[in-house]
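# Residue-level structural notes
Spelled out, the chains give:
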Amino acid sequence: MSWIFGRNNPVPDYSKLDMSGMDGSDDKKNNNQKSQDKKSNNNNNQFQLPSEYAFGSLNLEKAAKAARELEKSPLAKQILELSKEQEVTKQKDIHSKMKEYEVAVEQAKIEQKRIDHEERRKNMQEEGRIAQQKAQYEDQLARKRYEDQLSQQKRTNEEILRKQEESILKQEQLKRKSIEYEAELKLKNSLKEIETKYKAKGKMDKENHEINLEKIKLNAAESRRTKLESIKSFGEMFGTGFKSFITDKEKVKTTVLGITLTAAGIYTAKHSIGILGRTIESRISKPSLVRETSRLNINDVLKHPILTAKKYLIKEKGEVLSDVVLAPELEEKLRDISIGAFNTKKNKGFFCNYLFYGPPGTGKTLVAKKLVSHSNMDYAILSGGDIKPLGPEAVTSIHKLFEWASTSRKGLLLFIDEADAFLRERNSTQMSEDLRSSLNAFLQRTGTPSDSFMLILASNTPEQFDWAIKDRIDEDIMFDLPSRKERERLVRLYFDKFILTPASKAQSRLKVDNFDYDKACSKVAEMTEGFSARQIFKLANAWQKATYITIEGIMTENLLMKTVDNFLENQKKNQLWTLARKNPK
């Protein structure tokens, strides 16, 4: 509208306006408005004056002429409205851009706050990590100081003990020298006293020799006369009594009958006492070869009456192989043995004999105890290594053992650990005659099937057994080292027994840090390949011991893995020592 106020701009040609936008369509209006704005901008760029207030007569005339033409034009009102709408639209665009700018500013502020928050969070994490490292470092320093204190205390104690031993040794030496000196002085004084005494006695004996000799002669004559008179009196009395006894037949008969009855009573009492003693020993007393038994015996009753009462009155119930981790095939076979033993005793059949063989620490003895506890039988455990030291007495001990086993009412499981110690090949040149006799006695007692006892032999080297022993075995069962799954079950079982269960007690010093137990147990099972169940048991015990040694008494994941590494290192050393002993070269 600058041409209205006399600016040097060309007057718009309204005849060329496109009036198609008058039908109310917003899109067409916007398009026309854009095209007009573009033309207006072009015209302004072409006819721009150096000053806003440059009014001339020519321009004023042109403006008046344009105003008149505009007033005459039928579209004047629409053009004015269109100009107003353009101004409003521009204002709205400016307002919209201001809003967008404000929104952008707010978003920038929010983004800046988020970045600041993220930086603070990272700083807090970094501070926490640094604090944790600092705490760990301080813990290591404290532990090292404690270890240094312990080592220093140990060295101090050793030094004190060494000095005490040296002092005691010196005192003992001085005391010994003093005693020797005193003894030497006493001996010299005694010798002098004896020498003086015998010199005086010899002098007196020489002076009184004749008097003493006369006294001796008189005493000897008196003694001889007294003895002769006594013998004469006894002979006369015995002769008179024996004569009267011989002449009286009733006295002779009574005397002979009394002597006979006395001898018979003594002989009967002697043999009765022997039979009674053997019966009591075979039924109540425990044989010397038996290390452990579930049968009631008089020795345990007298030594530990309360423990024995609890043992026989309180019976544990549960699964046959509870707390025992074995391969599934082996578990099934052992359950069959337990069921078979129970039914064999119930139906009065003959028991089978078994051989448990495999590496040490695989659970052979523990399984034997579990079997008998669930088959309602007694058990007795002995070691083959106890037989060799008995020498000639081994044969008698073996016979007593089997006599005792035959008297069990419930049936007895006789478990012999390290059986190859005395049941090896008889052709061996290293086998003594006593050990050979023990083997023969054992073969004699086990030659026929028994309905009183079941025999289980355990060995790490079954190839050393005598062929006759192999003939008496009905089935061989191998106990191999645990696989990956069995090791993980064992690790979890003993971790719960040695760590988690003590930590759950209120007054226990042992505590457990917050870490993934399952993942740690799986990792330990992976690292302990080739371990037996006994070695894993010792490893769990080492965990508990290592936790008790620490100042805080907390089992952490680092402590657990460190203990495993130390244990593995010790096992490697033991294996190297074993190989070095087998191959000295």
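Residues numbered from 1 in each chain as written. Predicted model: local features only at pLDDT ≥ 70, side-chain atom pairs only at ≥ 80, totals over all residues. Heavy atoms only, no water.

## Describing the overall build of the protein
- Broken down by element type, the protein carries 15 helices and eight strands.
- Taken across its 585 residues, the protein has 26% of its residues classed as buried.
- Restricting the contact set of the protein to residue pairs at least 6 apart, pairs at least 24 apart contribute 76%. (Helix = DSSP H or I, 4+ residues; strand = E, 2+ residues; numbered from the N terminus. Buried < 20%, exposed > 50% of the residue type's maximum accessible area, 1.4 Å probe, protein only. Contact = heavy atoms within 4.5 Å.)

## Brief notes about the pattern of salt bridges
- Applying the stated criterion to the full structure yields 16 salt bridges.
- Across the salt bridge formed by Arg162 and Glu159, the nearest N and O atoms sit 2.2 Å from each other. Here Glu159 and Arg162 lie together in helix α3 (residues 76-247), a separation of three residues that amounts to about one turn.
- What makes Glu159 partly exposed here is its relative accessible area of 32%.
- A salt bridge links Asp386 to Arg291, with the nearest nitrogen and oxygen atoms 2.8 Å apart. Highlighted residues: Asp386 in the loop between β3 (378-383) and α9 (393-406) and Arg291 in the loop between α4 (249-283) and β1 (292-293), separated in sequence by 95 residues. (Salt bridge = Lys/Arg side-chain N within 4 Å of Asp/Glu carboxyl O.)

## A closer look at the pairing of strand β2 (residues 354-357)
- The pairing of β2 with strand β5 (residues 453-459) spans four bridges and is classified as parallel. By the bridge assignment, Phe356 is partnered in β5 with Ala458.
- Bridge analysis of β2 against strand β6 (residues 475-478) gives four bridges, and the strand direction is parallel. For Tyr357, the partnering residue across the bridge sits in β6 and is Met478. (Pairing = 2+ DSSP bridges.)

## With respect to the sheet that holds β1
- The six strands are arranged β1-β3-β4-β5-β2-β6 in an open sheet whose pairing can be described as mixed. Edge positions in the open sheet fall to β1 and β6, since each of these has one partner strand only.
- Sheet contacts for helix α7 (residues 328-346): β2, β5 and β6; angle to β6, the most-contacted strand, approximately 140 degrees. (Axes fitted to C-alpha atoms, helices over the stretch in contact; angles between N-to-C directions.)

## Some points on a negative patch on the surface
- Together, Glu329, Glu332, Asp336, Asp474, Glu475 and Asp476 give the surface a local cluster of negative charge.
- Elements represented by at least two residues in the negative patch include exactly α7 and β6.
- If one sorts the elements of the negative patch by residue count, α7 sits on top with three residues.
- Note on placement: Glu329 falls in helix α7. (Patch = residues over 30% accessible without salt bridge, like charges linked within 9 Å, V, L, I, M, F, W, Y side chains within 5 Å. Areas by Shrake-Rupley, 256 points an atom, 1.4 Å probe, with all protein chains shown as cover. Lys, Arg positive; Asp, Glu negative; His and termini not counted. Charge placed at Lys NZ, Arg CZ, Asp CG, Glu CD.)

## Quick word on the nonpolar core
- Ranked by internal contacts, the top residues of the largest apolar core, which has 31 residues, are Leu414, Ile416, Phe422, Leu423, Phe442, Leu457 and Ile469.
- The set of elements that each furnish at least two residues to this core consists of β3, α9, β4 (412-417), α10 (433-445), β5 and α11 (467-472).
- Per-element accounting of this core gives the leading share, six residues, to α9.
- Excluding anything up to four places from it in sequence, Phe422 contacts Gly384, Ile387, Ile398, Ile416, Met431, Leu435, Leu439 and Phe442.
- If you look at the next biggest cluster of nonpolar residues, it comprises 26 residues, including Val325, Ile499, Val524 and Phe567. (Core = buried A, V, L, I, M, F, W, Y, C linked by side-chain atoms within 4.5 Å.)

## Focus on the pairing of β4
- Counting buried residues in β4 gives five out of six residues, a clear majority hidden from the surface.
- Across six bridges, β3 lies against β4 in parallel orientation. Bridge pairing in β4 places Asp378 opposite Leu412.
- Chirality of the crossover, the property in question, places the unit of β3, α9 and β4 among those that are right-handed.
- Bridge count between β4 and β5: five bridges; the pairing is parallel. Within β5, the residue paired with Leu414 across the bridge is Leu455. (Right-handed = clockwise from strand over helix to strand, strands pointing away.)

## Section: the confidence of the model for the protein
- A residue-level look at the protein finds 77% of positions with pLDDT of 70 or above and a mean pLDDT of 78.
- The element-level mean pLDDT for the protein is lowest in helix α1 (residues 26-46), coming to 46, with β2 highest at 92.
- Throughout residues 1-34 the model reports pLDDT below 50, and contacts reaching past four residues in sequence, or to other chains, amount to 45 contacts.
- Confidence over residues 37-53 falls short of pLDDT 50; this stretch has 11 contacts with residues more than four positions distant or in other chains. (pLDDT = per-residue confidence, 0-100.)

## Some words on the packing of aromatic side chains
- As enumerated under the stated definition, the model contains 11 aromatic pairs in all.
- Summarising the aromatic geometry, the rings of Phe498 and Phe537 are spaced 5.2 Å apart at their centres and angled 75 degrees between planes, so their arrangement reads as edge-to-face. In this pair, Phe498 is assigned in helix α12 (residues 484-503) and Phe537 in helix α14 (residues 533-549), connecting sequence segments 39 residues apart.
- For Phe537, a relative accessible area of 33% corresponds to the partly exposed category. (Phe/Tyr/Trp six-rings, centres within 6.5 Å; stacked < 30°, edge-to-face > 60°.)

## A look at the packing of α12 against helix α13 (residues 517-527)
- Axis separation between α12 and α13 bottoms out at 9 Å; the angle between their running directions is 125 degrees. In terms of orientation, α12 lies oblique with respect to α13. The two elements α12 and α13 cross, and the hand of that crossing is right-handed. Every residue of α13 that contacts α12 at Arg484, Arg487, Glu488, Val491, Arg492, Phe495 and Leu500 is listed here: Tyr517, Asp518, Cys521, Ser522, Val524, Ala525 and Glu526.
- Across the contact of α12 with α13, the residue classes tally to seven nonpolar, one polar and six charged. (Parallel < 35°, antiparallel > 145°, perpendicular 65-115°, else oblique. Left-handed = near helix turned anticlockwise from the far one by under 90°. Nonpolar A, V, L, I, M, F, W, Y, C, P; charged D, E, K, R; others polar.)

## Some points on unusual backbone geometry
- For Lys348, which is not a glycine, the phi torsion comes out positive at approximately 60 degrees.
- Examined against the element boundaries, Lys348 turns out to sit in the loop between α7 and β2.
- Here Glu418, not a glycine, exhibits a phi torsion of approximately 50 degrees, which is positive.
- Relative to the elements of secondary structure, Glu418 occurs in the loop between β4 and α10.
- Overall, the relative accessible area of 43% leaves Glu418 in the partly exposed class.

## Structural notes on α9
- The first and last C-alpha atoms of α9 sit 20 Å apart over 14 residues, in line with the 20 Å expected at 1.5 Å per residue.
- All buried positions along α9 are accounted for by Ala394, Ser397, Ile398, Leu401, Phe402, Trp404 and Ala405. For α9, the angular spread of the buried residues around the axis is 160 degrees, confining them to a single face. (Expected span 1.5 Å × (residues − 1). Arc of directions from axis to C-beta.)

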